Amino acid sequence: MKTFGLIDCNSFYVSCEKIFNPYLKDKACVVLSNNDGAVVARDAGSKALKIKMGQPFFEIKDLVDRGLVIPCSSNYALYQDISNRVVKVIQSFVPFYEIYSIDECFVDLTGIKESELESLCKEIQKKILKDVGMPVGIGVGRTKTLAKLNNWASKNWKDKTGGVVVLIDMERQNKLLTFAEVNEIWGIGNRTTEKLKHLKITKAKHLADFDKQTLRKHFNVNIERTARELQGTVCFSLSEGPEPKKNIASTRMFGERIKELEPLRQAVATYAARAAVKLRREGQLTSCLQVFIQTSRFDSLPYSRTALVPLEAPTDDTRELIAAAQAGLTGIYRQGFAYAKAGILLSQFIDKKGYVPDLFAKPERRNTDKLMSLIDYVNRTQGTGTIRFAAEPENAGWGMKREFLSPAYTTKWSDLLKVRTT
DNA sequence: TCTGGGGTCCTAGGACCC
DNA sequence: TCTGGGGTCCTAGGACCC
């Protein structure tokens, strides 16, 4: 029998901001998306103010102006660093874990006595809070789906549970399943919840008990697996070590609308360069690049096109990707629209190790690796943007708006927190 | 005026093959 | 009037996740 745990940071982005800014501690606080467009993270205080996930900033601006809620622009460098620190603590307790997202981590607790699980979890929780300053909730169950649901319970009944819910005994687990709505289950979204209603499935327990054949026929194999997991049968196992990515995207809304081709060419080049860095970090070559541009989906006259640019040979060379992106853009750009967003998608990867170049490959490719790894090295150690391609502008008018940005407390010497002693 | 970004997996259907 | 069967591969679109 297996035992899984899920460790999940509470209001992760907001908690990161609060670690370094004690002023925020007792305030209601939200973190905004790129361009300060919408709310992407809320703490208990902002939830109490009925601020919703994804709510546009202008709708809560009034609350901000009245000082009832403090906004922060998103600061991903900070969040990633805090995330790494949390994982480090987890590592020191558990050898087998899966980093599921920036704020969640599955752990394999198989073999630990049922009577000891709760105290172990409390200890992990305490240590993460003490060493990193991050509050977490922990759910433990017989499958990943159950661990996730128990984690939800740990947050939903935080006061009663202290943020730790361990359910190994299936009778007790089933009690929770009769309480929990079906849309609280991992893998069951809005659409599926609506469809399940027609089958009179509204609680987690209904789904667990439902005929698996019928589920598979009406939905798909994953819904069937989810239902089995609710009964305690392991269908999803821990995947250790990150799988190689199958797609890489780099997309952004612009800080302001763009009408002309030239700034679009710059934007697309900038995103292509960013995607290329991710690609090289993965050790992959791409054979296909997609570039898209779109107006706002709220526009009365929307326009959205994607160009698919096959590459002559698999590559991770920024120069080739920029050229491909701009060539694709030329084909889809139409005058007369106010573009709000553009992006690059890379797909169809080949592992770089073991790739044998085509007999007819262009000879200049030979310089690629040295040049690219030098650029990556300089940018990694001296700061992003130290070396740019000419196609990428230094300061673009359409660049990101981040009005409420916190300092890079942990990743930039100049932003280090200062402590004054008097 | 102002509405996120980056992923994964599954399925249906078309193209193509023998 | 009649019009194979079975297989693979690829893509677009849908649904989900954080």
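Small disclaimer: the values here were computed from a predicted structure and weren't measured. One numbering rule holds for all chains: residues counted from 1, following each sequence as written. Lettering for chains starts from A, numbering for ligands starts from 1, and both go in the order in which the items are written. With pLDDT at 70 or above as the cut-off, local features in this predicted model cover only qualifying residues; side-chain atom pairs require 80 or more to be listed or tallied, and sums for whole chains, interfaces and linings still use all residues. Note that water and hydrogens are dropped before the side-chain values are worked out from all heavy atoms of the structure.

A. Region of interest: the protein's contact with DNA strand C. Working definition: residue near molecule or strand if any one of its non-hydrogen atoms lies within 4 Å of it. Lining the immediate surroundings of DNA strand C are 14 residues, of which Ser101, Asp103, Lys148, Arg191 and Thr192 lie closest. Put simply, 100% of the atoms of DNA strand C that lie within 4 Å of the protein are in sugar or phosphate. Within the side chain of Asp103, a nitrogen or oxygen atom sits 2.7 Å from a sugar or linking oxygen of DNA strand C. Think of a polar contact as two N or O atoms within 3.5 Å of one another; within protein, one of them needs to be a possible hydrogen donor and the other a possible acceptor, and neighboring residues in sequence only count if both atoms come from side chains. In the environment of DNA strand C, a phosphate oxygen lies 3.1 Å from a nitrogen or oxygen atom belonging to the backbone of Gly189. Secondary structure counts use DSSP, requiring at least four H or I residues in a row for a helix and at least two E residues in a row for a strand, with both numbered from the N terminus. Listing elements by their share of the surface near DNA strand C, those giving two or more residues are β5 (97–101) and α9 (190–198). By residue number, the principal contributor to the surface near DNA strand C is α9, which donates three residues.

B. Representation of helix α6 (residues 144–156). Its 13 residues place the ends of α6 18 Å apart at the C-alpha level, agreeing with the 18 Å of an ideal helix rising 1.5 Å per residue. Note on exposure labels: buried denotes an accessible area under 20% of the residue type's maximum, exposed denotes more than 50%, and partly exposed covers the range between, all computed with a 1.4 Å probe on protein chains only. A large share of α6 lies buried, amounting to ten of its 13 residues. Listing the buried residues of α6 in full gives Lys144, Thr145, Leu146, Ala147, Lys148, Leu149, Asn150, Asn151, Ala153 and Ser154. Here a helix's expected span is defined as the number of its residues, less one, multiplied by 1.5 Å.

C. Seen up close, the protein's contact with DNA strand B. Neighbouring residues of DNA strand B: 23 residues in total, closest Ser33, Asn34, Ala249, Thr251 and Met253. Lys341 is positioned with one of its side-chain polar atoms (N or O) 3.3 Å from a phosphate oxygen of DNA strand B. It is strand β9 (residues 247–258) that provides the largest number of residues to the surface near DNA strand B, a total of eight residues. Residues are grouped as follows: nonpolar covers Ala, Val, Leu, Ile, Met, Phe, Trp, Tyr, Cys and Pro; charged covers Asp, Glu, Lys and Arg; every other residue, Gly included, is treated as polar. Across the surface near DNA strand B, the residue classes break down as seven nonpolar, eight polar and eight charged.

D. Seen up close, the nonpolar core. The set of buried Ala, Val, Leu, Ile, Met, Phe, Trp, Tyr and Cys residues whose side-chain atoms join them within 4.5 Å is what this entry labels a nonpolar core. One finds Ile128 and Met134 to be the most contacted residues of the largest nonpolar core, which totals 39 residues. In this description, contact between two residues means that some pair of their heavy atoms is separated by no more than 4.5 Å. What Met134 contacts, discounting residues up to four positions off in sequence, is Cys9, Asn10, Phe12, Ser15, Cys16, Ile19, Ile82, Val86, Ile128 and Leu129. Counting residues in hydrophobic clusters, the runner-up holds 36 residues, among them Val268, Ala269, Ala324 and Tyr339.

E. The arrangement of helix α4 (residues 76–93) in detail. With 18 residues, α4 ought to run about 26 Å at 1.5 Å a step, and its terminal C-alpha atoms sit 26 Å apart, in line with that. Of the positions making up α4, those classed as buried are Leu78, Tyr79, Asp81, Ile82, Ser83, Val86, Val87, Val89 and Ile90.

F. Structural context of the state of the cysteines. Cysteine sulfur atoms that come within 2.5 Å of each other are treated as a disulfide pair. Counted under the stated rule, the structure contains zero disulfides. You can see Cys121 has no disulfide; the closest cysteine sulfur is in Cys105, sitting 12 Å from it. Since its relative accessible area comes to 2%, Cys121 is described here as buried.

G. Here's a closer look at the sheet that holds strand β2 (residues 28–32). Pairing between strands is defined by DSSP: at least two bridges between them are needed. Pairing is mixed across the open sheet formed by three strands, whose spatial order is β3-β2-β4. With one partner strand each, in any of the chains shown, β3 (39–42) and β4 (69–73) form the two edges of the open sheet. Neighbour to neighbour, the strand axes of the sheet diverge by 30° on average, direction disregarded. Looking at chain direction, β2 and β3 are connected through three bridges and run antiparallel. Bridge pairing in β3 places Leu32 opposite Val39. Lines fitted to C-alpha atoms define the axes, with helix axes restricted to the stretch in contact, and inter-axis angles between N-to-C directions lie between 0 and 180 degrees.

H. Up close: the pairing of β4. For β4, a buried count of five out of five residues is recorded, marking the element as mostly surrounded by other parts of the structure. On β4, burial covers both faces: Val69, Pro71 and Ser73 on one face and Ile70 and Cys72 on the other are all buried. As paired elements, β2 and β4 share five bridges and run parallel to each other. When the bridges of β4 are listed, Val31 appears paired with Cys72.

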